[in-house]
Amino acid sequence: MALLSAGSSLAEDSRRLEHVVKQDCGSCHGLTMKGGLGKPLTPEALAGVDQQTIASIILDGVPGTAMPPWRPLLAESEALWIANYLKGGKLQ
């Protein structure tokens, strides 16, 4: 089930996905994305990785690590939104 819905606005979708990043990603990568159980997801840490690669990692996880696949819960467009968000450093 994807998080984006046909009747929701772009602003609502953005707020929902931002919440996913802060709560779900932050639970392993740290609330400020500076690392924890998972690696840091700061713009500096992701500087050498393109958005499509990040989105693929989000969707398919990393075998042998605690990073689960999110494909059952996120659409590809949502994973790409999250990748762009992380690369943009919009976490506070």
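Now for a look at the structure at hand. All of these numbers come straight from a predicted model, not from anything done at the bench.

### Some thoughts on the environment of Cys-28
Part 1: Within the secondary structure layout, Cys-28 lies in helix H1 (residues 10-29).
Part 2: Residue classification places Cys-28 among the partly exposed positions, given a relative accessible area of 25%.
Part 3: Residues Cys-28 and Pro-40, spaced twelve residues apart in sequence, show a C-alpha to C-alpha distance of 9.5 Å.
Part 4: Once residues within four sequence positions are removed from consideration, Cys-28 is found in contact with Gly-36, Leu-37 and Gly-38.

### Some words on the packing of aromatic side chains
Part 1: Under the counting rule described, the total for this entry stands at one aromatic pair.
Part 2: Where Trp-81 meets Tyr-85, the ring centres are 5.0 Å apart and the plane angle is 15°; that geometry is what we call stacked. Separated by four residues within a single helix, Trp-81 and Tyr-85 lie in helix H3 (residues 76-88), roughly one turn from each other.
Part 3: We classify Tyr-85 as buried; its relative accessible area is 7%.

Calculation criteria
- Throughout this description, residue numbers start from 1 for each chain and increase along the sequence as written.
- Local features in this predicted model are restricted to residues of pLDDT 70 or higher, and side-chain atom pairs are both shown and tallied only at a pLDDT of 80 or more, whereas totals for entire chains, interfaces and linings draw on every residue.
- The basis for every side-chain value is the complete set of heavy atoms in the structure, and neither hydrogens nor water enter the calculation.
- Under the DSSP-based scheme used, a helix requires at least four consecutive residues in state H or I and a strand at least two consecutive residues in state E, with every element numbered from the N terminus.
- Only protein chains enter the calculation, and the probe is 1.4 Å; a residue is then buried if its accessible area is under 20% of its type maximum, exposed if over 50%, and partly exposed in between.
- Here, two residues are considered to be in contact whenever any of their heavy atoms come within 4.5 Å of each other.
- Two rings from Phe, Tyr or Trp (for Trp, the six-membered ring) form a pair when their centres are within 6.5 Å of each other. A pair whose planes differ by under 30 degrees is stacked, one over 60 is edge-to-face, and the rest are tilted.

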